[in-house]
Amino acid sequence: DDEREAARVEAYLRSAPDYEDALNRARDFAAEEKFLIGVRLLSGALDADMAARGYSALARALVAALLERTQAEFAAEHGTVAGGRVAVVGMGKLGSREMTAASDLDLIVIYDFPADAAPSDGRRPLPPALYYARLTQRLVAALTAPTKAGRLYDVDLRLRPSGRKGPLATSLPAFAAYQRDEAETWEHMALTRARVIAGDASLARDIEAVARA
């Protein structure tokens, strides 16, 4: 179950002394957990659907834990955007809880901030939209970079609005306008598998309302 796996991941990462160690511990945890799910699948203790839900719960928990730590690491340098919110949407097999051991992560990062928001308040301030683009880059690196503990996941951001031509992170108003006015049928179909897997709870509700509409 998602909540139990999130608690296990958090307990494993909590004692990491720094950000780099948290990345290594995330990779160690993932490798062990994927191995155990695979063994249970081969032994018949889990069927294919249960294993898929296990792999998906693991990925969701790791993305949520690393988003939280990446935000804290990023804020130490750039501060925060007053009133800003960010959330990560799982698409594809992650969104529909159908992952395998080899699945990559189909993600969309969506942010929101007040219309009159000032640049972030850190020692190296950034304008809000650039702030969330850079934060997204940092999160993708946390999930994909090979460390001494190996790789965690490959990340695919092509399902975001406008695909490779669009910005790495998308504002909530831009996401809503794109889905309403520009998205193709296949993109609306892809949204049927979407679920918010990490980030701000109020923004998650707003994203879900856009998807339902």
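Per chain, residues are indexed from 1 in the order of the written sequence. pLDDT decides what is reported in this predicted model: residues at 70 or higher carry local features, side-chain atom pairs at 80 or more are listed and counted, and totals for whole chains, interfaces and linings draw on all residues regardless. In computing side-chain properties, one takes all heavy atoms of the structure into account and sets aside hydrogens as well as water.

### Here we look at the packing of aromatic side chains
Stated formally: In this scheme Phe, Tyr and Trp rings, the latter by its six-membered ring, pair at centre separations within 6.5 Å, and the angle between planes marks the pair as stacked below 30 degrees, edge-to-face above 60, and tilted otherwise. Strands here are runs of E lasting at least two residues and helices are runs of H or I lasting at least four, both read from the DSSP assignment and numbered beginning at the N terminus. With a 1.4 Å probe rolled over the protein chains alone, any residue whose accessible area is under 20% of its type maximum counts as buried; one over 50% counts as exposed, and the rest are partly exposed.
Scanning the model with the defined rule gives five aromatic pairs in all. Both rings, one in Y111 and one in F113, keep their centres 5.9 Å apart while their planes meet at 0°; by these two values the pair is stacked. Measuring from centroid to centroid gives 5.0 Å for Y111 and Y132, while their planes differ by 10°, and the two rings are stacked. Here Y132 lies in helix α5 (residues 128-144) and Y111 lies in strand β2 (residues 105-112), a separation of 21 residues in the sequence. In this structure, Y111 and Y132 share a single accessibility class: buried. Feature note: the residues F74, Y111, F113, Y131 and Y132 constitute an aromatic cluster, connected by ring pairs.

### Observations concerning the side chain of R85
Heads up, the rule is: By the criterion applied in these results, polar contacts are pairs of N or O atoms within 3.5 Å in which, for protein atoms, one can donate a hydrogen and the other can accept it, and in which residues neighboring in sequence qualify only through two side-chain atoms.
When you line up the elements, R85 lands in strand β1 (residues 85-91). At 2.9 Å, the side chain of R85 and the side chain of S202 are in polar contact. Side chain to side chain, R85 and D206 meet in a polar contact 3.0 Å long.

### Description of the packing of helix α1 (residues 2-13) against helix α2 (residues 19-43)
Defined as follows: Axis lines are fitted through C-alpha atoms, for helices just across the contact stretch, and the angle between N-to-C directions can take any value from 0 to 180 degrees. Orientation labels follow simple angle bins: below 35 degrees gives roughly parallel, above 145 gives roughly antiparallel, 65 to 115 gives roughly perpendicular, and whatever is left gives oblique. With the far helix as reference, a near helix turned anticlockwise by less than a right angle produces a left-handed crossing, and one turned clockwise produces a right-handed crossing. Contacts: residue pairs with any heavy atoms within 4.5 Å of one another. Gly falls in the polar group here, along with every residue not listed as nonpolar (Ala, Val, Leu, Ile, Met, Phe, Trp, Tyr, Cys, Pro) or charged (Asp, Glu, Lys, Arg).
At a minimum axis distance of 9 Å, the contact between α1 and α2 shows a crossing angle of 135°. Put simply, α1 runs oblique to α2. The two elements α1 and α2 cross, and the hand of that crossing is right-handed. Note on element contacts: α2 touches α1 through A22, R25, A26, D28, F29 and E33, opposite E5, R8, V9, Y12 and L13. Residues belonging to the contact of α1 with α2 are distributed by class as follows: six nonpolar, no polar and five charged.

### Looking at helix α3 (residues 48-78)
As a reminder of what qualifies: How far a helix is expected to stretch is found by multiplying one less than its residue total by 1.5 Å.
End to end, α3 covers 44 Å across 31 residues, agreeing with the expected 45 Å (1.5 Å per residue, within 8%). For α3, the capping residue at the N-terminal end is D47, with a side-chain oxygen 3.2 Å from the backbone nitrogen of D49.

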